[in-house]
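In case you want the letters, here they are:
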Amino acid sequence: VTRCAIESLQLAGLLVAAVVNIAWVNNFGRGYSRSGYAAKPGMWDRETDSATEPGHSMTFDDDDDGEGPPLKTLIGVDYRTLRALLKKKEYKAADAETRRLLIVMSGKAAVKRGWIYFSEVKLIPDDDMNTVNDLWSHFSGGKFGFVQQRKIWKKNRGAFDKFAEETSWFTSKWQNRNWPDEFVYDDVEGVIGHLPLTNCIRGAQVLTELLSHPAFEVKRPATFGESSSAAGSSASAAKKEKKSAMSMLGAFGSAATAAPRAAAGSASLPFAGASAAPLLPRRAPRGGLAAAAAVSEVAEAPTSAAAAKLADLEQYGVINDFGIILPEVPDGAKVSAFLIYDIIGKPMYMGFSKDLRNTLRTLLVRRPELCYTYKCTHLMQADQAELLALRETWFAELGATPPGNKDPRQKNMWESPVDGGAMNPRAYKLTAEQKAKEVLRTLKDRGLKEIVSFNPELIEEGKVDVLPSKLLASDLLAQTAAVGTNTSLIETEYKGKLVKYEIYFKSEFNTNGGWWVDCEVTASKQKTMHRVVIGKEFAEAVGCMSPKTIVQHAFTMLLAKKVPMKTEGMLMSEDFPVAYFTCTTLATAFPEFLEFFGEGQTKRFDWDVAQWHFKQVHDYNLDDMRTPPVGPNGGVYNQKDFE
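**Q** Would you mind showing me how to read the confidence of the model for the chain here?
**A** The predicted coordinates ought not to be read in detail in places where the model reports low pLDDT. Per-residue confidence for the chain gives a mean pLDDT of 75, with 67% of residues at or over 70. Taken together, the stretch residues 20-55 has pLDDT below 50 and engages in 65 contacts with residues farther than four places along the chain or on a different chain.

Written out as structure tokens, the structure reads:
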């Protein structure tokens, strides 16, 4: 009797479980696996315990206050724990929960092994991928999430090392942080795209698939947490700002007489008083830091109807097309108000400056990862009340105070020298010098061409900050003109193919037997550096004595034939040495190169005799110690001319 009663209870329990499961399937078109994880409908029928019908999306509703994006899922995954952790800013726990959820979303096999195959990522439904990304983006204020990482990934053309450096997964070149404690679980200290983390120990294939997921290929409304108004005005301003190098050069030449064009940015430096010099003085003030020319904290102020609106201001890159920092400031301007934006157009910091160029240089050195574009307006009188009213107007237009003005830690990072990070005074100088080198590498990667010198006294104290520039406004314009004169935008057709690129001739040397030309070529959003040697015998044979013309023809053909413009490591016999080559070598490898110089040049070119032997008349190991005789490097770029 006892045994029969027990069996009856077991049977009743099985019937109840079956009824519950059937009700779940009827309501949501899915069932649960034995492991307790949601099974993907219609995708892994072999892995589920019940037949499911694909295509039904659901949203979890509960008693939450409704903050954040909807928790949409196509496979019955519960994202409420992730939402709760992100809402409480518990990013470390949220990162771990995200990894768990990705495994769940990838299917039962991934759950069993405890990690994901890269081939499983594409099977995750769009709704679920968007839910995870939107939660991260919303609660971090648009700073974290897969979409932000995707932008950085695409910008670096999928180069993992560059991506990891920009997201601060690497502290320097291939120097990774130790997981999990060395990563930054903070939306204030963490850089854009730092979270969520993806395990790349087995390679970057999973990361590549995540950032290439079809969910992120479709254009959607502004991501949760991002300021649509700021992003919209930033995007439209950026579009309006795009100009050719030569048109910008013409604008620079008329800067002294033309009305000022506002610049785009979001930063806040304090204001240092009413007596101010013009923003581009004849000589920058000696002693002190660049930021010292700008600042002292300001208090609350009433709004002003006459204040300039951010939406009406134009947006500019902190580093212009010529690789220098050169804001346009009208004669007689006493103070500039500016706003700095990061790479995605999010306002970061607002401030005032009496020397806008040096202030921008200082901020770029202190926060290179956040200082990309700016907006600004100029005032002919340093009126404290007007500045305060302008600041409040901009903050009201933004809808929030930029983090660099609101958060004390962020504010200190914008307004103080960079700390080298040494704990022991004996290591102050060493760590500061290492930090300075890291900053210079970052600025070089950003395309900065002007010289940056650091304050030696601060280096001794373990801190890094830039010295004020000693270049005159006229020197900067001359430098810009030199770069513009030596820059050519080539757009031509070669054998039915459209070839478009920009070439910048850095320097040209007359040698014993010809010319040696150093140049930068920018094509398909990629910049490469080359050294080309042209022998006089070659030039005479092809009937062209212009080294620049020969070099332009060379790169027109190389780009049309899609010869790799950058080679690394050991070159094989079939690889063309594109970084350093002679034109004779080019003509030997690609005989069609001679067609640029006329139909008869192939016959005139002596293949046996014209192999030009480069005779060394300079010590080429001392390039950095010698002033090039031709090009902008021979004058404005040489720091010794201004010491």
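What follows picks up the thread again.
**Q** Where do I start with the packing of aromatic side chains in this structure?
**A** Working definition: an aromatic ring pair is given by the centre-to-centre distance plus the angle between the planes. According to the stated counting rule, one finds 19 aromatic pairs in the structure shown. Between Tyr-91 and Phe-144, the aromatic rings sit 5.5 Å apart at their centres with planes inclined by 90°, giving edge-to-face as the arrangement. Taken together, the residues Tyr-91 in helix H3 (residues 91-105) and Phe-144 in the loop between helix H6 (126-139) and helix H7 (146-155) connect sequence positions 53 residues apart. There is no split in this pair, since Tyr-91 and Phe-144 are both buried. Consider the rings of Phe-146 and Phe-216, whose centres lie 6.3 Å apart with planes at 35°: the pair is tilted. With Phe-146 in helix H7 and Phe-216 in the loop between helix H9 (205-211) and helix H10 (228-241), this residue pair connects regions lying 70 residues apart in the sequence. In this structure an aromatic cluster arises from ring pairing among Tyr-494, Phe-538, Phe-593, Phe-596 and Phe-597. One Lys or Arg, Arg-113, reaches over the ring of Trp-115 and ends 5.4 Å from the middle of that ring.

**Q** Looking at this structure, I do not really get the environment of Tyr-316. What am I missing?
**A** Within the secondary structure, Tyr-316 sits in strand E6 (residues 316-317). Residues Tyr-316 and Lys-375 lie 59 residues apart in sequence; the distance between their C-alpha atoms is 6.7 Å.

**Q** Mind showing me how you'd approach helix H15 (residues 408-415) here?
**A** It helps to recall that an α-helix has 3.6 residues per turn; residues three or four apart then point in one direction. Within the span of H15, buried status applies to Gln-410, Lys-411 and Trp-414. Along the axis of H15, the buried residues cluster in a sector spanning 100°; they form a single face. Of the surrounding elements, those touching the buried residues of H15 are strand E7 (335-341), strand E8 (347-353), helix H12 (356-366) and helix H14 (403-406). N-cap assignment for H15: the residue whose side-chain oxygen lies 3.1 Å from the backbone N of Arg-409 is Asp-407.

**Q** What's the story with the pattern of salt bridges in this structure? I'm lost.
**A** Any two side chains of opposite charge can pair, so long as their charged atoms come close to each other. Scanning the entire structure with this criterion turns up 23 salt bridges. Asp-95 is the salt-bridge partner of Arg-99, the closest N and O atoms lying 2.4 Å from each other. Placement of the pair is Arg-99 and Asp-95 together in helix H3, with a separation of 4 residues, close to one helical turn. Given the relative accessible area of 25%, Arg-99 is considered partly exposed. One salt bridge in this structure joins Glu-166 and Lys-155, with 2.5 Å as the shortest N-O distance. With a gap of 11 residues between them, Glu-166 in helix H8 (residues 160-166) and Lys-155 in helix H7 connect regions that are remote in the sequence. Relative accessible area serves as the criterion here: at 22%, Glu-166 is assigned to the partly exposed category. Beyond isolated ion pairs, a larger network of salt bridges with shared partners links Asp-186, Glu-189 and Arg-409.

**Q** Hey, could you run me through helix H16 (residues 428-445) in this one?
**A** Taking 1.5 Å of rise per residue, the 18 residues of H16 would be expected to cover 26 Å, and the 26 Å separating its terminal C-alpha atoms lies within 8% of that figure. Of all the positions in H16, only Thr-431, Ala-432, Ala-436, Val-439 and Leu-443 are classed as buried. The arc that holds the buried residues of H16, viewed along the axis, is 140°, so those residues lie on one side. Those residues of H16 that are exposed and angled more than 90 degrees off the buried face are Lys-437, Lys-444 and Asp-445.

**Q** Would you mind showing me how to read the sheet that holds strand E15 (residues 526-535) here?
**A** Whenever strands of a sheet pair, they do so through backbone hydrogen bonds, lying parallel or antiparallel. The strand order E12-E13-E14-E15-E16 describes an open sheet built from 5 strands, whose pairing is mixed. Each of the sheet's edge strands pairs with one partner strand only, and the pair in question is strand E12 (487-494) and strand E16 (580-582). Here the strands of the sheet are splayed against their neighbours by 35° on average, with no regard to which way each runs. Inspection of the sheet shows strand E14 (residues 514-523) paired to E15 by 10 bridges, in the antiparallel sense. From the neighbouring strand, Trp-516 faces E15, where its bridge partner is Val-533. Docked against the sheet, helix H20 (residues 547-560) engages E12, strand E13 (497-511), E14, E15 and E16, running at close to 145° with respect to E13.

**Q** Explanation requested: the packing of H3 against H6 in the structure shown.
**A** Packed helices, taken two at a time, are described by the angle their axes make and the gap between the axes. Here H3 crosses H6 at 170°, and the two axes come no closer than 11 Å. As the angle between them shows, H3 and H6 are arranged roughly antiparallel. Residues Tyr-91, Ala-94, Asp-95, Thr-98, Leu-102 and Met-105 of H3 form the contact with H6, whose own contacting residues are Asp-128, Met-129, Val-132, Trp-136 and Phe-139.

**Q** Even after reading the chapter, I still don't get the nonpolar core, so can you show me in this structure?
**A** Generally speaking, a soluble globular protein has its nonpolar side chains buried in company with each other. In terms of nonpolar packing, the biggest core is built from 46 residues, with Trp-136, Phe-160 and Trp-169 touching the most fellow members. Counting residues per element, the ones that place at least two in this core are helix H2 (80-87), H3, helix H4 (108-113), H6, H7, H8 and H9. Membership of the second largest hydrophobic core comes to 37 residues, among which are Ile-534, Phe-538, Phe-576 and Val-578.

**Q** Looking at this structure, I do not really get the state of the cysteines. What am I missing?
**A** A disulfide bridge is the covalent bond that connects two cysteines by way of their sulfur atoms. According to the stated counting rule, one finds 0 disulfides in the structure shown. Summary of cysteine pairing: Cys-583 is not part of a disulfide, and the nearest cysteine sulfur, belonging to Cys-544, is at 9.6 Å. With a relative accessible area of 1%, Cys-583 lands in the buried category.

**Q** Even after reading the chapter, I still don't get the pairing of E14, so can you show me in this structure?
**A** Note on strand geometry: in a regular strand, side chains alternate between the two faces of the sheet. The buried count for E14 comes to 9 of 10 residues, which makes it a mostly enclosed element. Where E13 and E14 come together, 9 bridges link them in antiparallel fashion. Residue pairing in the sheet places Glu-502 in a bridge with Thr-522 of E14. Hairpin connection of E13 to E14: 2 residues between the antiparallel strands. Taking the residues that link successive antiparallel strands as the turn, the E14-E15 hairpin has 2 residues, and the phi of Ser-524 there is positive, at about 55°.

**Q** What exactly am I supposed to notice about the pairing of E12 here?
**A** Bridge count for E12 against E13 is 8 bridges, and the pairing is antiparallel. When the sheet's bridge partners are listed, Thr-492 is paired in E13 with Val-499.

**Q** Where do I start with unusual backbone geometry in this structure?
**A** Most of the time, phi is negative for any residue but glycine, and the peptide bond is trans. Here the bond from Trp-179 into Pro-180 is cis, since omega is 0°, no more than 30 degrees from zero. As for its position among the elements, Pro-180 is in the loop between strand E4 (175-176) and H9. Positive phi is not limited to glycine here, since Lys-495 has a value of about 50°. With respect to the helices, strands and loops of the structure, Lys-495 is situated in the loop between E12 and E13. When its relative accessible area of 56% is taken as the criterion, Lys-495 is described as exposed.

**Q** Whenever I open this one, the environment of Gly-68 confuses me. Can you help?
**A** Position of Gly-68 relative to the elements: it lies in the loop between strand E1 (58-59) and strand E2 (72-73). With 71 residues separating them along the chain, Gly-68 and Phe-139 place their C-alpha atoms 7.4 Å apart. Residues within four places of Gly-68 in sequence aside, it is in contact with His-138 and Phe-139.

The rules behind these values
- Residues numbered from 1 in each chain as written.
- Predicted model: local features only at pLDDT ≥ 70, side-chain atom pairs only at ≥ 80, totals over all residues.
- Heavy atoms only, no water.
- pLDDT = per-residue confidence, 0-100.
- Contact = heavy atoms within 4.5 Å.
- Phe/Tyr/Trp six-rings, centres within 6.5 Å; stacked < 30°, edge-to-face > 60°.
- Helix = DSSP H or I, 4+ residues; strand = E, 2+ residues; numbered from the N terminus.
- Buried < 20%, exposed > 50% of the residue type's maximum accessible area, 1.4 Å probe, protein only.
- Lys NZ or Arg CZ within 6 Å of the ring centre and 35° of its normal.
- Arc of directions from axis to C-beta.
- Polar contact = N/O pair within 3.5 Å; in protein donor to acceptor, adjacent residues only side chain to side chain.
- Salt bridge = Lys/Arg side-chain N within 4 Å of Asp/Glu carboxyl O.
- Expected span 1.5 Å × (residues − 1).
- Pairing = 2+ DSSP bridges.
- Axes fitted to C-alpha atoms, helices over the stretch in contact; angles between N-to-C directions.
- Parallel < 35°, antiparallel > 145°, perpendicular 65-115°, else oblique.
- Core = buried A, V, L, I, M, F, W, Y, C linked by side-chain atoms within 4.5 Å.
- Disulfide = S-S within 2.5 Å.

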